[in-house]
Amino acid sequence: MSGLRVRFAPSPTGYLHIGGARTALFNYLLARKEKGTFVLRIEDTDVARSTQESVDAILQAMEWLGLSYDEGPFYQSERFDLYRQKVQQLLDSGKAYRCYCSAEELEARREAALKEGGKPKYDRTCLRRTEAPEGSPYVVRFQVEDEEGVTAFDDRIKGTITFRNDELDDLIILRSDGTPTYNFVVVVDDAEMGINLVIRGDDHINNTPRQILMYKALGYPVPGFAHVPMILGADKTRLSKRHGATSVMVYREMGYLPEAMVNYLVRLGWSHGDEEIFSMSDLIDKFTLEAVGKSAGVFNPEKLLWLNAHYIKTGDPARLGKLLLEYLAAEGIDATRGPDPAAVVVTLRERARTMVEMAKGAAFYYVPEVTYEAEAAAKFLTEAQRPVLESVTARLEALETFDEEAISQAFGMVMEETGLKLGKVAPPVRVALTGSTVSPSVYEVIAVLGREQTLQRLRRAAAAIS
Ligand code: GLU
C-alpha cells in the first residue's frame, strides 16, 4: 500500500448522477493504481434533505459500477460529537466566534452593501461584540485571518489557483440548531481520515481556499486538491435532465452494461492517445490525473450507446444470458423455461445495442405462442407456402442431431424437393418461428429453439393457414 488516501463523499440527497459517478471512478482508479486507500464517506449532515433511500441508491450504483472502497461508508451524522469538539477548539483558540445577528439584520445589511456597490460579506458585528446577549440563539463563524493576504493551492488538474482572502466571508461553521456545516465538517473529516488528495467536482473550487484556512487553523496538514471539470450537455450547458437521464442506475434500467458506463465516464474528461476501449484493469493501469483535461466534458449519448453495443458484442454470453433473464422479466416475460439464454445472446448480440433491445428481440424465444405480425402473416403464411412449411417440418423431424450444420443440410433437401431458393424457403419459416420477418438467421433460431419448439411452431403456422 502506498500512502495515497482518497475519498468519495456524496451527499445522500438523491441518486448517484453521472458527474458524481465519474468523480467516484477517478478516485477509485487512482487509489487502485497507486495501491492506495479509497474511503467512502456519506455526507449526511443536512438531516432534512438526506435519506436512507439515497444512501442505498448510491451504494447500489457504486456496486454496479464495480467501485469498491477500502474504508467506510462513514456517516457524518454519527460524528457530530467530534465536530462540536472541533468547533470548541476553534472558539477556544480565538479562531472562531459566536454570532448573534438575526437573519433579518443580516439581510438588511446585505441589501445596504449591495446598494453601495460593495461585496455583501458578513460585517463582523459580532467579532467586535464584547458582551453576549443572554440566552439568544447564535451561530459560530470561522474568522478569516490575514485579510490582506492570499490563499493559493496547486490544483493537480487546473494548476495554481489563487484567491484573495478579503473575498472570503467569515463562514458559518455551526448553525443555530447546533448542526455543523459542509465546509467545516469536510475539513475535519478529510483530516481525521488521513485523506491526502481531494479529488472532486470543480463546483467546489470556491470552497477550497476557505477549507485550506480551516485546515491551518485546526493544525491539520493541508491535502492536495484535484478539481475535475464539470460535464455539459450537447448545448454546452451544465448536464441536467433536459439532456436525458442523469442517474447512473437509470442507464442500467435502459439496458446499459456497467463496463460501458465506466468506459464512457472515464473518457468524459480523460484520454489516452486516441484509444476508446478500456477495461477496468486497463484503466487502473493507465489512469493519471495529468491526463484529465482542464475543460468540461460534453455528454454524448451516441457514444455511450456505441460502447454499450461493443460490450454486448464482446461480452461473455453466459454472463449476458443471466442479465438477459432480468431484462426479460422486466418486459414481463418468464424465461425460466425455454432456450439457454447464453445461446440466445449469441444469436442477438450483433444487433442489440442495449440489453433492453436484446430482451425485446429475445422475447419470441420464450413466449408460449408467437404473435404473428399481421403484415408478415399476410405475406408469408399463405396456402402457397404451406408445402414449404410441411417439407421443412418433415426434414427437421427426421434429423438425428439437431445442430446448425444438420439443420442447414435439411434445408438443402427442402430446396431440392421444392425447387425453391433459400430466399423463398426461409421467410415463412421465420414468421412461423418468430412471428416477424426480422430475426437472426433461421438456422440459428432453429438450433436455439430446439427440435420440440421448432416443430410445434411450424405445425401451428401450417394450421393457421387453413
Ligand atoms: N458532499 C459534497 C458533494 O456531494 C462533497 C464535496 C467534496 O467532495 O468535498 O458535493
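In short, a report on the structure.

Parameters at a glance
- Residues take numbers from 1 onward in each chain, read along the sequence in its written order.
- Local features in this predicted model are restricted to residues whose pLDDT is 70 or higher, and side-chain atom pairs enter the listing and the counts only when it is 80 or higher, whereas totals over whole chains, interfaces and linings include all residues.
- Only hydrogens and water are set aside when side-chain values are computed; all heavy atoms of the structure are taken into account.
- In this text, near means that some heavy atom of the residue lies within 4 Å of the molecule or strand in question.
- Residues adjacent in sequence count toward polar contacts only when both atoms are side-chain atoms; beyond that, a polar contact is any pair of N or O atoms within 3.5 Å, and within protein one must be able to donate a hydrogen and the other to accept it.
- The accessible surface values rely on the Shrake-Rupley method and a 1.4 Å probe; as for residues, cover is taken only from the protein chains in view.
- We call Asp, Glu, Lys and Arg charged. Ala, Val, Leu, Ile, Met, Phe, Trp, Tyr, Cys and Pro are nonpolar, and the rest, Gly among them, are polar.
- The pairing criterion is simple: DSSP has to find at least two bridges between the two strands.
- Where helices and strands are cited, they refer to DSSP runs of H or I of at least four residues and of E of at least two residues respectively, numbered from the N terminus.
- To obtain each axis, a line is fitted to C-alpha atoms, and for helices this fit is confined to the stretch in contact; angles are then taken between N-to-C directions over 0 to 180 degrees.
- Here, nonpolar core refers to any group of buried Ala, Val, Leu, Ile, Met, Phe, Trp, Tyr and Cys residues whose side-chain atoms link them within 4.5 Å.
- For the exposure calls, accessible area comes from a 1.4 Å probe over protein chains only, and a residue counts as buried if that area is under 20% of its type's maximum, exposed if over 50%, partly exposed in between.
- We call two residues in contact whenever any of their non-hydrogen atoms come within 4.5 Å of each other.
- The span expected for a helix works out to 1.5 Å for each residue beyond the first.
- With respect to orientation, any angle under 35 degrees is reported as roughly parallel, any angle over 145 as roughly antiparallel, any angle of 65 to 115 as roughly perpendicular, and every other angle as oblique.
- Crossings are assigned a handedness: left-handed for a near helix turned anticlockwise from the far helix by less than a right angle, right-handed for a clockwise turn.
- Any two rings among Phe, Tyr and Trp, with Trp reduced to its six-membered ring, count as a pair given centres within 6.5 Å; such a pair is stacked if its planes are under 30 degrees apart, edge-to-face if over 60, and tilted if neither.
- Lysine and arginine charges are scored as sitting over a ring when NZ or CZ, respectively, is within 6 Å of the ring centre and within 35 degrees of the ring normal.
- For this analysis, a salt bridge means a side-chain nitrogen from Lys or Arg found within 4 Å of a carboxyl oxygen belonging to Asp or Glu.

## A look at the site of the ligand
Taken together, the residues surrounding the ligand are Arg 7, Ala 9, Ser 11, Glu 43, Tyr 182, Val 186, Arg 200 and His 204. One of the side-chain N or O atoms of His 204 is found 2.8 Å from an oxygen atom in the ligand. Isolated, the ligand exposes 290 Å² of accessible area, and the fraction of that covered by the protein chains is 79%. Residue composition of the shell around the ligand, grouped by class: three nonpolar, two polar and three charged.

## Some words on the sheet that holds strand S5 (residues 139–142)
The three strands are arranged S4-S5-S8 in an open sheet whose pairing can be described as antiparallel. The open sheet has two free edges, formed respectively by strand S4 (96–99) and strand S8 (172–174), since each of these has just one partner strand. Geometrically, the sheet is characterised by an average inter-axis angle of 45° between neighbouring strands, direction not taken into account. Bridge count between S4 and S5: four bridges; the pairing is antiparallel. In the strand pairing of S5, Arg 98 is matched with Val 140.

## Some details on the nonpolar core
Counting residues in each nonpolar core, the largest one holds 108 residues, and the members touching the most others are Tyr 365 and Leu 396. Residue contacts for Leu 396: discarding those within four places in its chain leaves Phe 402, Ile 407, Ala 410, Ile 446, Arg 451, Thr 454, Leu 455 and Leu 458.

## Side note on helix H9 (residues 258–267)
Burial within H9 is extensive, with nine of its 10 residues counted as buried. Listed in full, the buried residues belonging to H9 are Pro 258, Ala 260, Met 261, Val 262, Asn 263, Tyr 264, Leu 265, Val 266 and Arg 267. Note on H9: the residue one or two positions beyond its end, Gly 269, has a positive phi of about 120°.

## Comments concerning the side chain of Ser 247
As for its position among the elements, Ser 247 is in the loop between strand S11 (231–232) and helix H8 (248–253). Leave out the neighbours within four places in its chain, and Ser 247 touches Tyr 15, Leu 16 and His 17.

## Re helix H12 (residues 317–330)
Helical periodicity: at 3.6 residues per turn, an α-helix aligns residues three or four positions apart in one direction. With 14 residues, H12 ought to run about 20 Å at 1.5 Å a step, and its terminal C-alpha atoms sit 19 Å apart, in line with that. Inspection of H12 places Leu 320, Gly 321, Leu 323, Leu 324, Tyr 327 and Leu 328 among the buried residues, and these make up the whole buried set. Where the residues of H12 are buried, they touch H8, helix H11 (301–314), helix H13 (341–348) and helix H14 (355–366). The first or second residue beyond H12 is Gly 332, which carries a positive phi of 80°.

## Focus on the packing of H9 against H11
Viewed as axis vectors pointing N to C, H9 and H11 meet at an angle of 140°, and their least axial separation amounts to 8 Å. For the element pair H9 / H11, the angle class is oblique. You can see that H9 and H11 cross each other, and the crossing is right-handed. Contacts between H9 and H11 involve Glu 259, Ala 260, Met 261, Asn 263, Tyr 264 and Arg 267 on the former and, on the latter, Lys 303, Leu 304, Leu 307, Asn 308 and Tyr 311.

## Examining the packing of aromatic side chains
Under the counting rule described, the total for this entry stands at 13 aromatic pairs. Measuring from centroid to centroid gives 6.1 Å for Phe 80 and Tyr 83, while their planes differ by 55°, and the two rings are tilted. Taken together, the residues span about one helical turn, with Phe 80 and Tyr 83 both in helix H3 (residues 80–92) at a distance of three residues. We note that Phe 80, like Tyr 83, is buried. Taken together through their ring pairs, the aromatic side chains of Phe 26, Trp 270, Phe 278 and Phe 287 make up a single cluster. Directly above the aromatic system of Tyr 138 lies the positively charged group of Arg 98, at a separation of 5.1 Å from the ring centroid. Sitting over the ring of Tyr 122, Arg 141 keeps its end group 3.7 Å from the ring centre.

## Focus on the pattern of salt bridges
For the structure on display, the rule yields 28 salt bridges. With a shortest N-O distance of 2.8 Å, Asp 202 and Lys 158 are connected by a salt bridge. You can see Asp 202 sitting in the loop between strand S9 (197–201) and helix H7 (207–217) and its partner Lys 158 sitting in the loop between strand S6 (150–155) and strand S7 (159–164), a full 44 residues away along the chain. On the accessibility criterion, Lys 158 (22% relative accessible area) is partly exposed. Via salt bridges that share partners, Arg 7, Arg 41, Glu 43, Arg 79, Asp 189 and Asp 190 belong to a single interconnected network.

## Notes on the environment of Ile 157
As for its placement among the helices and strands, Ile 157 is situated in the loop between S6 and S7. Taking the relative accessible area as the measure of exposure, Ile 157 reaches 4% and is therefore buried. Once the C-alpha coordinates of Ile 157 and Gln 211 are considered, the two residues, 54 residues apart in sequence, prove to be 18 Å apart. Sequence-distant contacts of Ile 157, that is, excluding residues within four places in its chain, are made with Ala 226, His 227, Val 228, Pro 229, Leu 289, Val 292, Gly 293 and Lys 294.

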